[in-house]
Amino acid sequence: MWELLKNLADWLTSGDEWSGTAGIATRLLEHTQYSLLSTLIAALIALPIGLLIGHTGRGAFLAINLASFGRALPTVGLITLVFLVSGLSMWPVYISLVALAVPVIVTNTYAGMAAVSPEVKDAAAGQGLTGWQVLWKVEVPLALPLIMTGIRLAVVQVIATATIAAYVSFGGLGRYVFDGLAQRDLVQVLGGAVLVAVLAIAVDLALGGVGACLSGLAGSRAAQHAPSPHGAPGQVAPPHDR
Amino acid sequence: MNSVDWGWIPDHARDLTILALDHMATAGPAVLFGLLIAVPLAVVAHRVRALRGLLLGISSILYTIPSLALFVLLLPITGLTRTTAIVGLTAYTLCVLIRNTVEGLDAVPAHAREASVAMGSSRTRTLLTVELPLALPVIMAGVRVATVMSISLVSVASYIGYGGLGQLFTDGFQRNFTTPVWAGVALTLLLALVADALLVAIQWLCTPWQRGHAARTSAGKAA
């Protein structure tokens, strides 16, 4: 065990491992690119859906059930399928990672929107705000903490799963996991895993900071006047039954 | 060969059934053990504020480890056995299970807890007869997410030979044959659907006081 940790430390701190086109720095960059681009595409798909069903209240049951269904989609299966159909391209990687992130973002965005109390929306509409204004000036700022939670959860999952790019012969930190597995080199596998975990935590914390800033900006306008539905997944206050 | 060979599926019905059962033999225990570990830890996190951040932090970090790497790293300890697959998946369920249980306990109204204490119940009795039952809907929302996630993740364990339906993905990949992959994806979704429906039924049976508005609240909570 001690030996393994020592070798791991050597591997992680060796200048040779970090440099070059197949070095850690390159792999880290590739991994970040796959993950952030996938999450961005997923957010562009999922946010409008979540906001729409949250704002109108229509289709929520269907969308939420489809989203939980989408979570069951096995990423390994999806990437294999797209790979066999499309051949060697980046499509399998991006399609399977986007499919992983969309349900998480939709569910949390909707949960954030559903937690905005009806009184606040009524009050805003009563003051003469249009539907768009209610959405952008009241609902989105109040739902923001949960929306950000969804994006953070999605990005962590995507970063952990982007190792799979190496399965279809691309780069990223998954190379160390797959190559280490093939070469029976436990240090390489462990090194890859540590780097992925560190990257996930770093991106999560960075987004947490961004979220706090955004909430701070939005909060100075709207959030003070209503209970803020801040928090983590599953923590959503149930829609009030009165 | 990219079109689905429909004849392949009935020809392999027996194999597919065995793989599906094998799939559940890994995913089921993972959620069960996850729950057995998560609930006591969540009770501790709920009561001892100082430990809350630590427990939630550790479970979140576990969640960031790539599943394949986790299985490989467990190999020297548990070997090429089903235990490796179950331990790995259990680790992933902890994040959502601990979080939801803590939040469920937090959301128990103080008056319910106080009433129980005022009636002379001990802390343990209050926990078992008042707090946990009232937290059940939120806990079950977590169990549902953990179950669906585990069923979807089992396929990664095919690298160590316990991937259940995931074996079909490796098989299709190696033979450049899409039919088993389609079958594997479809059956995984079906298993998740059936398991989720069962959990909803269990929750309905366990929370008679919730009936009528259970569907609405659980939909919002399944984050």
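The shown structure was predicted, so the numbers you read here are calculated from the model rather than taken from an experiment.

Trainee: In this structure, what is going on with the overall build of chain A? I would like to understand it.
Mentor: Assigned secondary structure in chain A consists of 10 helices and zero strands. Starting at the N terminus, the α and β elements of chain A follow one another as α-α-α-α-α-α-α-α-α-α. Each of the three principal axes of chain A carries a C-alpha extent, and together these read 65 × 40 × 30 Å. Burial analysis of chain A (242 residues in total) assigns 53% to the buried set. Pairs at least 24 residues apart make up 76% of the contacts formed inside chain A by residues separated by at least 6 positions. When the accessible surface of chain A is summed, it comes to about 10,900 Å², and 68% of that surface belongs to carbon and sulfur atoms. Positive and negative side-chain charges in chain A, numbering 11 and 12 respectively, have mean positions lying 10 Å apart.

Trainee: Help me out: how do you make sense of the environment of D10 of chain A in this one?
Mentor: Residues and elements named next belong to chain A. Along the chain, D10 falls in helix α1 (residues 2–13). On the basis of relative accessibility, which here comes to 41%, the residue D10 falls in the partly exposed class. Sequence spacing of D10 and G191 is 181 residues, and the spatial spacing of their C-alpha atoms is 10.0 Å.

Trainee: Just checking my understanding: could you explain the UniProt feature "transmembrane region" (unreviewed entry) in chain B for this structure?
Mentor: All names here are of chain B. The positions UniProt marks with the feature "transmembrane region" (unreviewed entry) are residues 24–46, 53–74, 80–98, 134–161 and 181–206. For residues 24–46, the helix share is 100%, the strand share is 0%, and the end-to-end C-alpha distance is 31 Å. Note that residues 53–74 is 91% helix and 0% strand, and that its end C-alpha atoms are spaced 26 Å apart.

Trainee: Help me understand the UniProt feature "transmembrane region" (unreviewed entry) in chain A in this model?
Mentor: Residue and element names in this part refer to chain A. Per the UniProt entry, the sites bearing "transmembrane region" (unreviewed entry) are residues 34–53, 60–85, 91–111, 151–170 and 190–214 in this numbering. Helix and strand shares over residues 91–111 are 100% and 0% respectively, and the end C-alpha atoms of the span are 30 Å apart. In residues 151–170, helix accounts for 55% and strand for 0%; the two terminal C-alpha atoms are 25 Å from one another.

Trainee: Just checking my understanding: could you explain a nonpolar patch on the surface for this structure?
Mentor: Together, L37, L40, I41, L44, I45 and I49 of chain A make up a nonpolar patch on the protein surface, roughly 520 Å² of accessible area in all. Looking at where L37 of chain A falls in the secondary structure, it is placed in helix α3 (residues 24–56).

Trainee: I tried to follow the nonpolar core on my own but got confused; where do I start?
Mentor: Within soluble globular proteins, side chains that are nonpolar generally end up buried alongside one another. In terms of nonpolar packing, the biggest core is built from 103 residues, with V93, I105, Y167 and V168 of chain A together with L68, F71 and Y92 of chain B touching the most fellow members. Contacts of Y92 of chain B, omitting those with residues within four sequence positions, involve L62, Y63, I65, P66, S67, L70, M149 and L153 of chain B. With 23 residues, the next largest nonpolar core counts L55, V102, I139 and A146 of chain B among its residues.

Trainee: Any chance you could explain the UniProt feature "domain: ABC transmembrane type-1" (unreviewed entry) in chain A here in plain terms?
Mentor: Within this structure's numbering, the places UniProt gives as "domain: ABC transmembrane type-1" (unreviewed entry) are residues 28–207 of chain A. Strand forms 0% of residues 28–207 of chain A and helix 82%; the C-alpha atoms that close the span are 18 Å apart.

Trainee: So what exactly am I meant to see when it comes to the interface of chain B and chain A here?
Mentor: Many authors give the size of an interface as the accessible area that is lost as the parts come together. Between chain B and chain A, the contact holds 43 residues from the first and 42 residues from the second. Summing both sides of the interface, chain B and chain A together bury roughly 4,000 Å²; the carbon and sulfur share of this comes to 76%. At the junction of chain B with chain A, the criterion picks out zero salt bridges. Across the contact surface, chain B and chain A share zero residue pairs in polar contact (both at pLDDT 80 or more). Sorting the residues of the side of chain B that touches chain A by element identifies α3 (49–64), α4 (67–78), α5 (82–106), α7 (123–153), α8 (166–175), α9 (178–206) and α10 (214–221) of chain B as the ones contributing at least two each. Grouping the amino acids of the side of chain B that touches chain A by side-chain chemistry returns 26 nonpolar, 13 polar and four charged.

Trainee: Quick question: what am I supposed to make of the side chain of T126 of chain B here?
Mentor: Residues and elements named next belong to chain B. Looking at the secondary structure, you find T126 in helix α7. With a relative accessible area of 3%, T126 lands in the buried category. In this structure the side chain of T126 is engaged in a polar contact, spanning 2.8 Å, whose partner is the backbone oxygen of S122.

Trainee: Looking at this model, I keep getting lost on unusual backbone geometry. Mind explaining?
Mentor: In most cases, non-glycine residues show a negative phi, while peptide bonds are predominantly trans. All names here are of chain A. Positive phi values are uncommon outside glycine, yet S169 reaches one of about 70 degrees. On the secondary structure map, S169 appears in the loop between α8 (131–161) and α9 (174–182). For S169, a relative accessible area of 46% corresponds to the partly exposed category. In the Ramachandran plot, R184 falls in the positive-phi region, its phi being about 55 degrees despite a non-glycine side chain. When you line up the elements, R184 lands in the loop between α9 and α10 (186–221).

Trainee: Would you explain the packing of aromatic side chains in this entry?
Mentor: Each pair of aromatic rings is reported with the distance of its centres and the angle of its planes. Inspection of every chain in the model, using the stated rule, returns 10 aromatic pairs over all chains. When the ring of W8 of chain B is compared with that of F177 of chain B, the centres are 6.1 Å apart and the planes differ by 85 degrees; the resulting orientation is edge-to-face. Within this pair, whereas W8 of chain B is found in helix α1 (residues 8–11), its partner F177 of chain B is found in the loop between α8 and α9, the two being separated by 169 residues in sequence. Note on Y63 of chain B and Y92 of chain B: the rings are 6.5 Å apart at their centroids and 70 degrees apart in plane angle, and the pair reads as edge-to-face. Of the two residues, Y63 of chain B sits in helix α3 while Y92 of chain B sits in helix α5, which places them 29 residues apart along the sequence. Residue Y92 of chain B is classed as buried on the basis of its relative accessible area, which comes to 4%. Aromatic ring contacts, followed pair by pair, group F83, Y167 and F178 of chain A together with Y159 and F173 of chain B into a single cluster.

What counts, and at which threshold
- Residues numbered from 1 in each chain as written.
- Chains lettered and ligands numbered in written order.
- Predicted model: local features only at pLDDT ≥ 70, side-chain atom pairs only at ≥ 80, totals over all residues.
- Heavy atoms only, no water.
- Helix = DSSP H or I, 4+ residues; strand = E, 2+ residues; numbered from the N terminus.
- Buried < 20%, exposed > 50% of the residue type's maximum accessible area, 1.4 Å probe, protein only.
- Contact = heavy atoms within 4.5 Å.
- Areas by Shrake-Rupley, 256 points an atom, 1.4 Å probe, with all protein chains shown as cover.
- Lys, Arg positive; Asp, Glu negative; His and termini not counted.
- Charge placed at Lys NZ, Arg CZ, Asp CG, Glu CD.
- UniProt positions renumbered as here; feature names shortened; annotations may be inferred.
- Patch = residues over 30% accessible without salt bridge, like charges linked within 9 Å, V, L, I, M, F, W, Y side chains within 5 Å.
- Salt bridge = Lys/Arg side-chain N within 4 Å of Asp/Glu carboxyl O.
- Core = buried A, V, L, I, M, F, W, Y, C linked by side-chain atoms within 4.5 Å.
- Buried area = accessible area lost by both parts, 1.4 Å probe.
- Polar contact = N/O pair within 3.5 Å; in protein donor to acceptor, adjacent residues only side chain to side chain.
- Nonpolar A, V, L, I, M, F, W, Y, C, P; charged D, E, K, R; others polar.
- Phe/Tyr/Trp six-rings, centres within 6.5 Å; stacked < 30°, edge-to-face > 60°.

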